[in-house]
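# Structural overview
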Amino acid sequence: MSKLRLLFVKEAQASYISHLDLLRTIQRAFPRTELEIRHSQGYHPHPIISIVLPLPVGQSSDCELLDFEVTQTTDGSGIAEKLNTGMPCGLRVLDCYEAKRPVRELVYLRADLELEYDNGVAIDAAQQLTELFGREQLIIQKRTKRKEMADVDIAPMIQSVSLDQDEHTVRGTVVVQAQNPGLNPQLLERAIANYLPELMPDFTRVRRREFLDADGNIFR
C-alpha cells in the first residue's frame with residue numbers, strides 16, 4: 001500500500017468545476033494509471049481520496065494537492081503522465097509523489113490578487129488598499145462552520161500584501177492563513193466594501209500560486 005499526493009493545475013474552464021465534480025473527474029481518469037485505489041471498510045466503502053483545501057469555484061491555481069491511497073507499492077513515477085491523457089481542458093497534473101508531509105504542516109497560501117475597475121483606478125488605490133489590509137483589525141461577515149454568518153476579524157489571517165496598479169487594475173500578491181482558520185483571498189473584497197467602499201472593484205480574480213509551511217517554505 002502507498003500513500004500518494006498529486007500536484008495539479010486547475011485553470012480556465014476547469015476553474016468552474018465544483019469540488020465534488022472534480023473528485024469524480026479525477027477518479028474516472030485513474031484507470032489509466034493501472035493502480036487500484038484503496039477503499040474504506042464497512043457497508044458503504046468509498047475510495048480513499050481527498051483534495052487538500054478545496055479551491056473555491058471560479059478561482060484558479062498552480063498548486064492544488066490531492067491525497068490518495070493505492071493497494072500497490074509505488075513512488076508515483078509516471079502517474080502524472082498517464083493521468084494527463086484523460087484530463088479535461090484546464091486540469092493538468094504536474095507531479096505525483098509519496099505523501100510524506102502531514103497536511104497539518106500547511107499553514108499559509110500565496111495567491112495573486114487582481115482587482116479590476118471598469119471606470120479606472122484611483123491614483124492612490126494600491127497604497128490605500130495596502131494600508132487597509134495592514135490594519136490591526138478588519139471585521140467582515142464570514143460564514144462559520146455551522147453555515148451561519150458572523151462577524152470575523154480577518155486581520156490576524158493576513159500575513160503579507162504587496163500591491164501595484166495600472167489604469168484599470170490593482171494587482172499583487174497576498175499571503176494569508178490557509179487553515180485553522182483559513183482565509184479565502186476573495187473575501188478581502190468584503191473588507192474593501194466595509195472600510196473603503198469607493199474602492200470596491202467591479203471584478204476580483206484570484207489565482208493560488210503556492211502552499212507554504214510555518215517557515216514560509218513551499219509545502220509539498
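Report follows, based on the coordinates. (Residues numbered from 1 in each chain as written. Predicted model: local features only at pLDDT ≥ 70, side-chain atom pairs only at ≥ 80, totals over all residues. Heavy atoms only, no water.)

## Quick look at the nonpolar core
Ranked by size, the top nonpolar core spans 41 residues in total, and within it L129, F133, I154 and V170 carry the most contacts. Among the secondary structure elements, those contributing two or more residues to this core are strand 3 (60–70), strand 5 (108–116), helix 3 (125–133), strand 8 (158–165), strand 9 (169–177), helix 4 (188–195) and strand 10 (203–212). Element by element, the count of residues in this core is highest for helix 3, at five residues. With sequence-adjacent residues up to four places away left out, L129 is seen in contact with L115, Y117, L163, V170, I192, L196 and L199. In this structure, A14, F30, I79 and A80 belong to the second largest nonpolar core, which totals 24 residues. (Core = buried A, V, L, I, M, F, W, Y, C linked by side-chain atoms within 4.5 Å. Buried < 20%, exposed > 50% of the residue type's maximum accessible area, 1.4 Å probe, protein only. Helix = DSSP H or I, 4+ residues; strand = E, 2+ residues; numbered from the N terminus. Contact = heavy atoms within 4.5 Å.)

## Focus: the side chain of S40
Position of S40 among the secondary structure elements: in the loop between helix 1 (19–29) and strand 2 (49–52). In this structure, S40 is in contact with P45, H46 and I48, ignoring residues within four places of it in sequence.

## Regarding the environment of R5
In this fold, R5 is placed in strand 1 (residues 2–10). Of the residues examined, R5 reaches a relative accessible area of 2% and is grouped as buried. Discounting residues that sit within four places of it in the chain, R5 has contacts with L65, L66, D67, F68, D95, C96, Y97, A99, R101, V103, F219 and R220. Reaching out from R5, the side chain makes a polar contact with the side chain of D67 at a distance of 2.6 Å. (Polar contact = N/O pair within 3.5 Å; in protein donor to acceptor, adjacent residues only side chain to side chain.)

## Quick notes on the side chain of Q177
Position of Q177 relative to the elements: it lies in strand 9. For Q177, a relative accessible area of 17% corresponds to the buried category. Dropping the residues within four chain positions of it, Q177 is found in contact with V107, Y108, P156, M157, G182 and L183.

Honestly, it's all geometry; don't read function into it.
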